[in-house]
Each structure stands twice: as C-alpha cells, then as structure tokens.
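# What the coordinates show
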Amino acid sequence: MSTILITGATSGLGRYVAFELVRSGHVVLAHGRDPGRTEQLVAELRAEGDAEAFVADLASLTQVRELGAHVADAHPDLDVLINNAGVGAGAPGAGRELSADGHELRLAVNYLAPVVLSRALLPVLRANAPARIVNVGSVGQEPVDFDDIEFRRGYDGFAAYCRAKFALAAHTFALAEELRDTGVAVNVLHPATFMDTAMVREGGVAPWNTVADGAPGVLALATRELGTGRYFDGTAPARAHESTYDRDVQKRLSAVTDQLLSL
C-alpha cells in the first residue's frame, strides 16, 4: 500500500478520492487550506483507515514549501503525490486576483504551487521509487503568453484557468522526461468535464458530471503503473494541447517559472 499526499482534499474531487484511497488501505495525507475543515475531514477518514491532516494555503509559495518540508519530515515513506487543489475560473466577470506573493492567482495555485510542491517532495519520492506524481489538469488548455505570463492585459478568468492548466501539462511532460530513469512517473489528466463542485458552480456553469465520474482516472494514475509523461482524459490515454509537447515551449516555460519562483 502507498502513502499518498492529496492536495485540496476537503471538498469536491479531492474529498471523494481521499475516501476511496483510505478505504483501499492506503495511508492518506489530506491537505486543506482551512484547519477546521481539514481536521474534520481527517476525523471522518480515520473512521475508515489511516489518515493525517496537513494545512497550507497554496496561494502562498512559502506555505507550499513548508508543506513539502513538513510532509517529507513526517512521512519519509511518501510515494505518491496528487496535485489536485485548484482555483476555478471565478465568478463570471470577476476581476484579476493576486496570490500572497503577488502572482496572478490561477497561475499561482494551479501551476506554481504544484511545481514547488513536486520539487520539494522529489527527494522523498525518488527514494521510494517506484513513485508517482499525478497532476489534475483540464481539457481546457490555452497557450501561455510568455510576454504577459501574469496576464495583466485583457484579463479573463476562464482564459487564466486554461493558461495555468496548459502550463501544468507542459511542465508534466518536461518533468517526466527529466525523471525518466528515476522510477518516478509523472502524468497529467482531465478527470471529467464540469464536475459538480463549488469551483464549477461559482463559474455559473450547470454541472455535467459528478465527482464520482472524475475519480477513476485519478485513482488509476495514483495506484497503477501507467507509464510516464502521459495525458489522460478520465482513464483513457489522450493528447494534450499540441504545444505542450513542444520542447522549446517547455524550456521557455521552465525559464520563466524559475524567474517567477526566485522573485
């Protein structure tokens, strides 16, 4: 059985997946932003199996780094990371928001936080290979504007969300290549379209699917050997936006990311 950290576990898809994993006998490290809700979740998970709470606001890269250090210290046996937490497109017409570090919020939470957390936990994951990183992406992907990575011009919440998910996919493929011979698999998936979550409802969209529809893809990538550097639509292998596979795009994204993280 695995020791699995799942971010954004207090609601929606993350909560559903956390219960499925703990019922299957895995040790679940459940991350949430709100201490009370996270502790309540873990109390419920412990009625089914082994779980522990970890609290951090992923809109703060300092807290993301602290989360990584805390998990690595408490669980040197960690072998699966599920980067599930995310910020949706926001309410229709809502303006541009900033993270604690002054980055565009969707870029910060949906892209920079998974990058930082994965990096922080890589030593532990490599030590426990075969290990897995599962990035919960989206079929909604739109190439980032390298001249306006923080989306200061013509901001749109849905476009910001799609740009961050594009970046996450491109990063996934680059990291998978970097880790190819280490035994750490890195994959990205679109779980299901417009699941019945607070994020989707806030965007003014009538849900198309339940979180139960989105769970099988995440569970498969977290618990089964399915290769590395791949994109899935649910449980089916698929193709991400073609530009995410472009090595020049990946290299440029990596350079810009390093700049953003060093600010």
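That block above? That's the structure.
All of the points below concern the structure found in this document. (Residues numbered from 1 in each chain as written. Predicted model: local features only at pLDDT ≥ 70, side-chain atom pairs only at ≥ 80, totals over all residues. Heavy atoms only, no water.)

### Some points on the pairing of strand S2 (residues 27-32)
Note the threshold: Partly exposed residues are those whose accessible area sits between 20% and 50% of the maximum for their type, while under 20% is buried and over 50% is exposed, using a 1.4 Å probe and protein chains only. Comment: elements are numbered from the N terminus, with helices defined as DSSP H or I runs of at least four residues and strands as E runs of at least two. A pair of strands counts as paired when DSSP detects no fewer than two bridges linking them. Crossover handedness is defined here as right-handed if the route from the first strand over the helix to the second strand goes clockwise, with the strands pointing away from the viewer.
Most of S2 is tucked away, with five of its six residues classed as buried. The pairing of strand S1 (residues 3-6) with S2 spans four bridges and is classified as parallel. Counted as the bridge partner of Leu 5 is Leu 29 from S2. Regarding the hand of the β-α-β motif, the stretch spanning S1, helix H1 (residues 12-23) and S2 is right-handed.

### Some remarks on the pairing of strand S5 (residues 131-136)
Taking burial as the measure, the six residues of S5 include six buried ones, the bulk of the element. Burial along S5 is two-sided: the residues Ala 131, Ile 133 and Asn 135 and Arg 132, Val 134 and Val 136 are all buried. For strand S4 (residues 80-83) and S5, the ladder comprises four bridges, and the chain directions are parallel. Residue pairing in the sheet places Leu 81 in a bridge with Ile 133 of S5. Sheet analysis places S5 next to strand S6 (residues 184-190), joined by six bridges and oriented parallel. Within S6, the position partnered with Arg 132 by the bridge is Ala 185. For the segment spanning S5, helix H5 (residues 157-178) and S6, crossover handedness is right-handed.

### Some remarks on the pattern of salt bridges
Rules: Each salt bridge in this description consists of a side-chain nitrogen of Lys or Arg and a carboxyl oxygen of Asp or Glu lying within 4 Å of one another.
Counted according to the given criterion, the structure contains 11 salt bridges. Residue Glu 142 pairs with Arg 163 through a salt bridge whose shortest N-O separation is 3.4 Å. Of this pair, Glu 142 sits in the loop between S5 and H5 while Arg 163 sits in helix H5, and the two are 21 residues apart along the sequence. Across the pair Glu 177 and Arg 180 runs a salt bridge, and its minimum N-O distance is 3.2 Å. In this structure Glu 177 comes out as partly exposed when scored by relative accessible area, which is 43%. By relative accessible area, Arg 180 is classed as partly exposed at 43%. Look at the salt bridges and you will find they share partners, linking Glu 20, Arg 23 and Glu 48 into a network.

### A few points about the environment of Leu 221
For clarity, the cut-off: Throughout, a contact is declared for two residues whenever any of their heavy atoms are within 4.5 Å.
Structurally, the position occupied by Leu 221 is in helix H7 (residues 211-223). Look at Leu 221 and you get buried, because its relative accessible area is 3%. Measuring from C-alpha to C-alpha, the distance between Leu 221 and Ala 185 comes to 9.3 Å, with 36 residues separating the pair along the chain. If we skip the residues at most four places from it in the chain, Leu 221 touches Arg 132, Val 134, Asn 187, Leu 189, Leu 226 and Phe 232.

### Topic: unusual backbone geometry
Backbone torsion omega between Ala 129 and Pro 130 reads 5°, so that peptide bond is classified as cis. Tracing the sequence through the fold places Pro 130 in the loop between helix H4 (105-127) and S5. In this structure, Phe 151 takes a positive phi of about 55° despite not being glycine. Judged by its relative accessible area of 3%, Phe 151 falls in the buried class.

Honestly, it's all geometry; don't read function into it.
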